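Here are the chains, one letter per residue:
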Amino acid sequence: MLIECSLIIYDLVSPVRKELVSHRSYLFTQIVTGKYYLCVSNSTYANRIHYDIAMLEKILYKNIKERKMGLLFKDPKQVLMATADSSEMLYLFYRQLNDIIDGKNIIIGKRHNLPKIEHNENCYNLVRYSNPLDSNVFDNILLKINHLSKIVMENCDLPKIPINIGNLPIRYLSISGSNIPTSQFDQNIYWNWMSMKTISCTLVVLKINAIGLKLLPFELLFLKNLQSLSASKNFLTFLPHFIAEMKKLNRLIVADNMLTYYPDRLSRRSFKTVDISNNLFDVPESLRFKHLTKYLNVFGSLKRPDKELNVKPLSHLSFYSLIKTRIPFIRQDIPQTLWLFYDVVGRCAKCNKCILPDYSVISHRNGLPRAINLIKDQNTINIPLQFLLCRVSRHLCVRR
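Caption draft 1: Structural detail: the overall build of the chain. Along the chain, the regular secondary structure elements total eight helices and 20 strands. Every one of the 400 residues in the chain was classed for burial, and the buried ones make up 51%. Across the chain, the fraction of contacts at a sequence separation of at least 24, relative to all contacts at a separation of at least 6, is 54%. Surface summary for the chain: the accessible area is close to 20000 Å², and the carbon and sulfur share equals 51%.

Shown next as structure tokens:
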């Protein structure tokens, strides 16, 4: 029997870090001198790979309805992860493998005329999902692959990303086009994986395009080696100033959003690429402060230690410490009111002190981001660059 599928072959013994590439393949059974074999044919293995079915240790079958099946061999120590074109054919193939394992006399055709599989790099994908990552055995195998460095989970239903994915040394991660949760609770825990020690050090490229984002998660701050962030085709109305704290970032793609300004501190850095095209930089100035409304609604009526805020509330001091240390944590470990601080915190344009709106005056100047490759609307000459100045007892910062 023969099925057509996308196949990932992972060697459980090899210590070499590698990317898991999915190849268009044919899987079929074959009998040679009384022994049953599972054969793999694709553009990479034109001469086929033969696996002795007697060495098949486990079949991961729980996701056959979703066209997925895993085959764990003990010799060679490899996992074959197949996503078939047809769930019905995959089920029949699974039944045949079971019958062979049970010792039944299976009649298998000796000749398979395989259509030629063209080598096309455009159809190669790294680990690609269409179901919740942590809800089945098939996907849990991937969480145990210590050398996985690139994952693509694009255009699929992704109600959660398991926190354990943060234990993998991933350098490239894309969830572009996927459906992320809409409930507030699920959104609150969605980005916890960024807080894990391994991925916070290894992730270099993150693509979160077209996933319906209204706010950038503050957990981005924990990705200390992130160099490329792509968040285009979302519903972002502002870029938080904390993005300027990400020192390694040199590529920022925020096209096709609803941005009304660009952080001034970001404009003072040189990037390799910045894409700010198709945004709303020409809206009236009053609309550029819209993101502060939620903050003021929550904190504006709170009782302060003193009217001029010469004595800072303990919550502000605690938050400044979090910004300074940048030690990763799960957001549920701090009061929810502190989450809002990340959306509005910035640094004084003169003294570089970390400040909240309570202690600052927010204003704008005109200019453009600095980048080797700056992508903008054709008619854009400049955009609003937002900056903050310290304010203490109604006096502005004078340090230069």
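Caption draft 2: Broad picture of the pattern of salt bridges. In this structure the tally under the stated criterion is nine salt bridges. Between Lys77 and Glu57 there is a salt bridge; the shortest N-O distance is 3.6 Å. Remark: Glu57 occurs in strand β5 (residues 56-60) and Lys77 occurs in strand β7 (residues 77-84); sequence separation between them is 20 residues. For Lys77, a relative accessible area of 34% gives the class partly exposed. Glu57 sits in the partly exposed class, given a relative accessible area of 45%. What you see here is one network of salt bridges that share partners, running through Glu4, Arg24 and Asp85.

Caption draft 3: Structural context of the nonpolar core. Grouped together as the largest cluster of nonpolar side chains are 74 residues, with contacts concentrated most on Trp193, Leu206, Ile208, Leu220 and Tyr262. Looking at this core, the elements with two or more residues in it are β14 (270-275), α7 (314-325), α8 (336-344), β16 (354-355) and β19 (383-392). With six residues, the single largest contributor to this core is β19. Excluding its chain neighbours within four sequence positions, the residues that come into contact with Trp193 are Ile161, Pro162, Ile163, Ile165, Gly166, Leu173, Ile199, Leu203 and Leu206.

Caption draft 4: Region of interest: the environment of Thr182. On the secondary structure map, Thr182 appears in the loop between β9 (172-174) and α3 (184-189). Thr182 gets classed as exposed once you look at its relative accessible area, which sits at 74%. In the structure, Thr182 is positioned 23 residues away from Pro159 in sequence and 8.7 Å away in space, judged by C-alpha atoms.

Caption draft 5: Quick look at α7. Over its twelve residues, α7 runs 17 Å from end to end, which matches the ideal 16 Å to within 8%, given 1.5 Å per residue. Along α7, the residues classified as buried are His316, Phe319, Tyr320 and Ile323. Across the axial projection of α7, the buried residues extend over an arc of 100 degrees, all falling on one side. One or two positions beyond α7, positive phi appears at Arg326, with a value near 55 degrees.

Caption draft 6: Region of the structure containing the sheet that holds strand β8 (residues 150-152). Overall, parallel pairing links the seven strands, which are arranged β8-β9-β10-β11-β12-β14-β18 in an open sheet. Lying at the two open borders of the sheet, with one neighbouring strand each, are β8 and β18 (370-375). Neighbouring strand axes in the sheet, compared pairwise and without regard to direction, differ in orientation by 5 degrees on average. Of the pairings in the sheet, the one linking β9 to strand β10 (residues 205-207) comprises three bridges and is parallel in character. Within the sheet, the bridge partner assigned to Leu173 lies in β10 and is Leu206.

Caption draft 7: Region of the structure containing the side chain of Asn234. With respect to the secondary-structure elements, Asn234 resides in the loop between β11 (228-230) and β12 (251-253). Side-chain polar atoms of Asn234 contact the backbone oxygen of Ala231, separated by 3.1 Å. Those residues in contact with Asn234 that sit more than four places away from it in its chain are Ile208, Asn209, Ala210, Ile211, Gly212, Leu213, Asp256 and Asn257.

Caption draft 8: Representation of the pairing of strand β2 (residues 23-32) within the structure. The buried fraction of β2 amounts to seven of the ten residues, a majority that puts the element mostly inside the structure. In the sheet, strand β1 (residues 2-11) pairs with β2 via six bridges, with the strands oriented antiparallel. Each bridged residue has a counterpart across the sheet, and for Glu4 the counterpart in β2 is Tyr26. Between the antiparallel neighbours β2 and strand β3 (residues 35-42) lie two residues, among them Thr33 with a positive phi of about 45 degrees.

Caption draft 9: Highlighting the confidence of the model for the chain. In this model, the chain carries a mean pLDDT of 82, and residues with pLDDT of at least 70 account for 78%. Note on residues 111-138: pLDDT under 50 across the span, and 82 contacts to partners over four residues away in sequence or across chains.

Caption draft 10: Fine view of the pairing of β7. With six of eight residues buried, β7 lies mostly within the body of the structure. Two strands pair when backbone bridges link them, and β1 and β7 are joined in this way by seven bridges, in the antiparallel orientation. Looking across to β7, one finds that Ile9 is bridged to Leu80. When strand β6 (residues 68-74) meets β7, the two strands line up antiparallel, connected through seven bridges. Paired with Gly70 across the two strands is Met81, which belongs to β7. Where β6 folds back on β7, the antiparallel hairpin that results is connected by two residues.

Caption draft 11: Expanded view of a nonpolar patch on the surface. A cluster of nonpolar residues, Met89, Tyr91 and Leu92, forms a patch on the protein surface that exposes about 270 Å² of accessible area. Within the secondary structure, Met89 sits in helix α1 (residues 87-101).

Caption draft 12: Local environment of the packing of aromatic side chains. Per the stated rule, a full pass over the model turns up twelve aromatic pairs. Arranged with centres 6.1 Å apart and planes meeting at 35 degrees, the rings of Phe218 and Phe329 form a pair that is tilted. Note that Phe218 is positioned in the loop between β10 and β11 and Phe329 in the loop between α7 and α8, a separation of 111 residues in sequence. On the basis of relative accessible area, Phe218 is assigned to the buried category, the value being 3%. In this structure an aromatic cluster arises from ring pairing among Phe218, Phe222, Phe319, Tyr320, Phe329, Phe341 and Tyr342. Taking the ring centre of Tyr172 as reference, the NZ or CZ of Lys150 above it sits at 4.3 Å. Across from the ring centre of Trp339, 4.9 Å away, lies the NZ or CZ of Arg331, which sits over that ring.

Calculation notes
- Residue positions are counted from 1 within each chain, in the order its sequence is given.
- This being a predicted model, a pLDDT of at least 70 is required before a residue's local features are given, and a value of 80 or more before pairs of side-chain atoms are given or counted; all residues contribute to the totals for chains, interfaces and linings.
- Processing note: side-chain calculations cover all non-hydrogen atoms of the structure and skip hydrogens and water entirely.
- Put simply, DSSP H or I for four residues or longer makes a helix, DSSP E for two residues or longer makes a strand, and each gets a number counted from the N terminus.
- To sort residues, take the accessible area from a 1.4 Å probe on protein chains only and compare it with the maximum for the residue type: under 20% means buried, over 50% means exposed, and anything in between is partly exposed.
- The criterion used for residue contact is that any of the two residues' heavy atoms lie within 4.5 Å.
- To measure how exposed things are, a 1.4 Å probe is used in the Shrake-Rupley method; for residues, cover is taken only from the protein chains shown.
- Between Lys or Arg on one side and Asp or Glu on the other, a salt bridge is scored when a side-chain nitrogen of the former is within 4 Å of a carboxyl oxygen of the latter.
- Here, the term nonpolar core denotes a set of buried Ala, Val, Leu, Ile, Met, Phe, Trp, Tyr and Cys residues that are joined through side-chain atoms within 4.5 Å.
- By this rule the span expected of a helix is its residue count minus one, scaled by 1.5 Å.
- The arc in question is formed by the directions pointing from the helix axis toward the C-beta atoms.
- Two strands are said to pair when DSSP picks up at least two bridges between them.
- Axis lines are fitted to C-alpha atoms, over the contacting stretch for helices. Their N-to-C directions set the angle, which ranges from 0 to 180 degrees.
- Each polar contact in these results corresponds to two N or O atoms within 3.5 Å; when the atoms are within protein, one needs to be able to donate a hydrogen and the other to accept it, and residues that are neighboring in sequence are counted only if both atoms are side-chain atoms.
- Each residue carries a pLDDT score, the predictor's confidence in it, ranging from 0 to 100.
- Patch building starts from residues that exceed 30% relative accessible area and form no salt bridge, then joins like charges within 9 Å and nonpolar side chains (Val, Leu, Ile, Met, Phe, Trp, Tyr) within 5 Å.
- Any pair of Phe, Tyr and Trp rings, taking the six-membered ring for Trp, is counted once the centres come within 6.5 Å. Such a pair is stacked with planes under 30 degrees apart, edge-to-face with planes over 60 apart, and tilted for the rest.
- Lysine NZ or arginine CZ positioned within 6 Å of the ring centre and within 35 degrees of the ring normal marks a charge as sitting over the ring.

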